[in-house]
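One-letter residues, chain by chain:
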Amino acid sequence: MSAFRIVMLPGDGVGPEVIAVARAVLERTGARFGHAFSFDEQLIGGAAIDATGEALPAKTLDACRGADAVLLGAVGGPRWDKGAVRPEQGLLGIRKALGLYANVRPLILQPALIAQSPLKREIVEGVDLIVFRELTGGSYFGEKRQSATEASDLCIYTVGEIERIARAAFTAARARRKKVTSVDKANVMATSRLWRETVTRIGETEFADVALEHVLIDAMTMHVLRQPRSYDVIVTENMFGDILTDELSAIGGSLGLAPSASLGAGKPGLFEPVHGSAPDIAGQDLANPIGMTLSAAMMLRHGLMLEAEAEAVENAVADALAAGARTRDIGGALGCRAMGDAILSALG
Ligand code: NAD
Ligand code: IPM
Ligand code: MN
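Residues numbered from 1 in each chain as written. Chains lettered and ligands numbered in written order. Predicted model: local features only at pLDDT ≥ 70, side-chain atom pairs only at ≥ 80, totals over all residues. Heavy atoms only, no water.

1. Remarks on the site of ligand 1
Okay, step 1: Around ligand 1 there are 20 residues in total, and Glu88, Gly276, Ala278, Asp280 and Asn288 lie nearest to it.
Okay, step 2: The side chain of His275 places a nitrogen or oxygen atom 3.3 Å from a nitrogen atom of ligand 1.
Okay, step 3: Calculation on ligand 1 without its partners gives an accessible area of 810 Å², and the protein chains cover 70% of this total.
Okay, step 4: Of the residues contributing to the shell around ligand 1, the split by class is 9 nonpolar, 7 polar and 4 charged. (Near = heavy atom within 4 Å. Polar contact = N/O pair within 3.5 Å; in protein donor to acceptor, adjacent residues only side chain to side chain. Areas by Shrake-Rupley, 256 points an atom, 1.4 Å probe, with all protein chains shown as cover. Nonpolar A, V, L, I, M, F, W, Y, C, P; charged D, E, K, R; others polar.)

Written out as structure tokens, the structure is:
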């Protein structure tokens, strides 16, 4: 029996609703495979601001630093939009503090949900791609200034920051279909020109067996809709990756289905769905818990190195969908808890 310490950060909006499902799924998985998962719940985002005045209390960060992995629901909401401290600062703060520079966002096309894609079956069938989104640089973290008449967000990338995310993407591609698509705006942005030069050099010198192409972000948002099957690993900077992955989630049928892993050089990783706090449906048991549950599966695989356990969770999600379980966002009538129950019963 192995013991793992998991910090849970439910956050705001639908965060607590979906993370409750992930926790139940992890408990069942632990029982089935003989692991003792301990769960330490901590505050982040708006919930932390309400309780402590800070979006990322020191106690939360300390608990995360001592954990084997961190699972996060979502942060943010209209209640905190006008405050001096924003819930999103908590999420950006924990990514930065833990050095989580690689945000891995796979587009998983559930066979049972092909009809839920807004794209035609012949365009989406067989899609299998992963986005490597740089997560601790760019305009998210450069100096921000705002006066009554002017505002600026500084976008900075260092060669080192680009090299490490490029290596992560090339390494993943090497184990897949050996193709990397680097997405930038090198026709306008200096950071993108440095990005393109650096990714090209890493590809030529360290990954000559992996094909590399460069595509501008504006065209890329169009190409992924017309021919999503032609992509294997996509690597891009923080803001472009944020936008592109919400778009890609729709191809899979719903933003509520999309998981992610935020990884750094060591432990712990942070595992979080792509979606946000969904204020429009929060507190109504309407959220789809699958993005969160598949993030827990990514935690089992990439955070705790439990591959068979990760597959068991992924299979349970696929089986529940194959059996017809559907939340409202994917054309059904189940609530978040009932969808969780369907996944649990598929898990056995
Ligand atoms: P959102 O992702 O919260 O919601 C966008 C749309 O998708 C909404 O219509 C919502 O109902 C739907 N949706 C999202 N998750 C769903 C789920 N699990 N099941 C069913 N439908 C789902 O984005 P938004 O509305 O632009 O942002 C709301 C708040 O969330 C903002 O404060 C934003 O900063 C924050 N946010 C947080 C994260 C995060 O914590 N990782 C990510 C994105 C946005
Ligand atoms: C995401 C979210 C966050 C981001 C926000 C809430 C800071 O949109 O995880 O995709 O932009 O990274
Ligand atoms: Mn986002």
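2. Details of the nonpolar core
Okay, step 1: Ranked by size, the top nonpolar core spans 68 residues in total, and within it Phe37, Leu71, Phe132 and Leu304 carry the most contacts.
Okay, step 2: No fewer than three residues from each of domain 1 (1-104 + 256-348) and domain 2 (118-251) sit in this core.
Okay, step 3: Not counting residues up to four positions away in its chain, the partners in contact with Phe132 are Asn103, Val104, Ile165, Ala168, Ala169, Ala172, Val233, Ile234, Val235 and Thr236.
Okay, step 4: Ranked by size, the runner-up nonpolar core spans 19 residues in total, among them Leu107, Val127, Val224 and Ile234. (Core = buried A, V, L, I, M, F, W, Y, C linked by side-chain atoms within 4.5 Å. Buried < 20%, exposed > 50% of the residue type's maximum accessible area, 1.4 Å probe, protein only. Domains from an automatic or database assignment. Contact = heavy atoms within 4.5 Å.)

3. Focus: the packing of aromatic side chains
Okay, step 1: Evaluation of the coordinates by the stated rule reveals 3 aromatic pairs.
Okay, step 2: Ring plane angle 40° and centroid distance 5.8 Å describe the contact between Phe4 and Phe37, whose orientation is recorded as tilted. In this pair, Phe4 is assigned in strand β1 (residues 2-11) and Phe37 in strand β2 (residues 35-41), connecting sequence segments 33 residues apart.
Okay, step 3: A residue is classified by how much of its surface remains accessible, and Phe37, at 12% relative accessible area, is buried.
Okay, step 4: The residue whose ring lies beneath Lys96 is Phe141, and the NZ or CZ to ring-centre distance is 4.7 Å. (Phe/Tyr/Trp six-rings, centres within 6.5 Å; stacked < 30°, edge-to-face > 60°. Helix = DSSP H or I, 4+ residues; strand = E, 2+ residues; numbered from the N terminus. Lys NZ or Arg CZ within 6 Å of the ring centre and 35° of its normal.)

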